[in-house]
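Chain residues, written in single-letter form:
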Amino acid sequence: MTRPKILLHICCGPCAIYPVEELQKQGFDPVGLFYNPNIHPLQEYLRRKQGVQEVADHLGIKVIFRDEEYDPEKYFRHVVFRENMRCYHCYQMRLERTYSIASRGKFDFFSSTLLYSKFQKHERIVELGRSLAGEGKLRFYYLDFRQGWKYGVDKSKEWGIYRQQYCGCLYSEVERYSKELKG
């Protein structure tokens, strides 16, 4: 019996640990997708990409890297003048790309490690995923991966995986570190 194939959008290495392990336990054959044009600057993107590869090596999964599609300008064009809804538009870009690749790759399901982070707008991600899947053959797989938050943090530290301090976009970096301006 073949295991169902799931394409899992991965935002970073630490966020992938628990979701990948949980999907494997549930009988899925997960393949990762690293598509994140929102990550800024380029050095941050490269550090996160390396972390994803390290986690993939630990967990024995394949990851599709879309470096040729790394385009922060596209991300900025997508969110400019909509900054108050930037997370929604960022989720949309990444989930649409995941859906597109999953449908061409004959996957049974698609999902995202964004569902692992307790800092992301969980309901929006689920809503977008389900909307993209509609009633088609390719289905959005929902599981609240946040329950494994501490496990993923601890395991990433144990493995020495790079852990970032902001979601990846320039806006969140400014929000995260703006306190230092007041210091």
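Note that the coordinates shown come from a computational prediction; the quantities given were computed from them, not determined experimentally. Within any chain, residue numbers begin from 1 and follow the written order of that chain's sequence. The predicted origin of the model limits local features to residues at a pLDDT of at least 70 and limits the giving and counting of side-chain atom pairs to 80 or more, whereas totals for whole chains, interfaces and linings rest on all residues. Side-chain calculation: all heavy atoms of the structure are included, whereas hydrogens and water are not.

## Comments concerning the overall build of the protein chain
Each helix corresponds to a stretch of at least 4 residues labelled H or I by DSSP, and each strand to a stretch of at least 2 residues labelled E; elements are numbered beginning at the N terminus. When its secondary structure is counted, the protein chain shows 8 helices and 5 strands. For the protein chain, the succession of helices and strands along the chain, N to C, is β-α-β-α-β-α-α-β-α-β-α-α-α. The globule rule puts the C-alpha radius of gyration for 183 residues at 16 Å, and the 16 Å found for the protein chain is close to it. Principal-axis analysis of the C-alpha atoms places the extent of the protein chain at approximately 60 × 40 × 30 Å. Of the accessible surface of the protein chain, which amounts to about 9,600 Å², a share of 51% is contributed by carbon and sulfur atoms. His is not counted, nor are the chain ends, whereas Lys and Arg count as positive and Asp and Glu as negative. The atoms used to mark charge sites are NZ of Lys, CZ of Arg, CG of Asp and CD of Glu. Here the protein chain holds 30 positive side-chain charges and 23 negative ones, and the gap between their average locations is 2 Å. Every radius of gyration here is taken over C-alpha atoms, with the globule rule written as 2.2 Å times N^0.38, N being the number of residues. All accessible areas in this document rest on Shrake-Rupley with a 1.4 Å probe, and a residue is counted as covered only by the protein chains that are shown.

## Points about the packing of helix H1 (residues 13-25) against helix H2 (residues 42-59)
Axis lines are fitted through C-alpha atoms, for helices just across the contact stretch, and the angle between N-to-C directions can take any value from 0 to 180 degrees. Packing of H1 against H2 leaves a shortest axis separation of 9 Å and a crossing angle of 30°. It follows that H1 is roughly parallel to H2 by the angle criterion. When the axes of H1 and H2 are compared, the crossing they make is right-handed. Here Gly13, Ala16, Ile17, Val20, Glu21 and Gln24 of H1 lie close against H2, whose contacting residues are Arg48, Gly51, Val52, Val55 and Leu59. Residues belonging to the contact of H1 with H2 are distributed by class as follows: 6 nonpolar, 3 polar and 2 charged. Orientation labels follow simple angle bins: below 35 degrees gives roughly parallel, above 145 gives roughly antiparallel, 65 to 115 gives roughly perpendicular, and whatever is left gives oblique. Crossing handedness is defined as follows: a turn of the near helix away from the far one that is anticlockwise and smaller than a right angle gives a left-handed crossing, while the clockwise case is right-handed. Here, residues are in contact when the closest pair of their heavy atoms is within 4.5 Å. Residues are grouped as follows: Ala, Val, Leu, Ile, Met, Phe, Trp, Tyr, Cys and Pro are nonpolar; Asp, Glu, Lys and Arg are charged; every other residue, Gly included, is polar.

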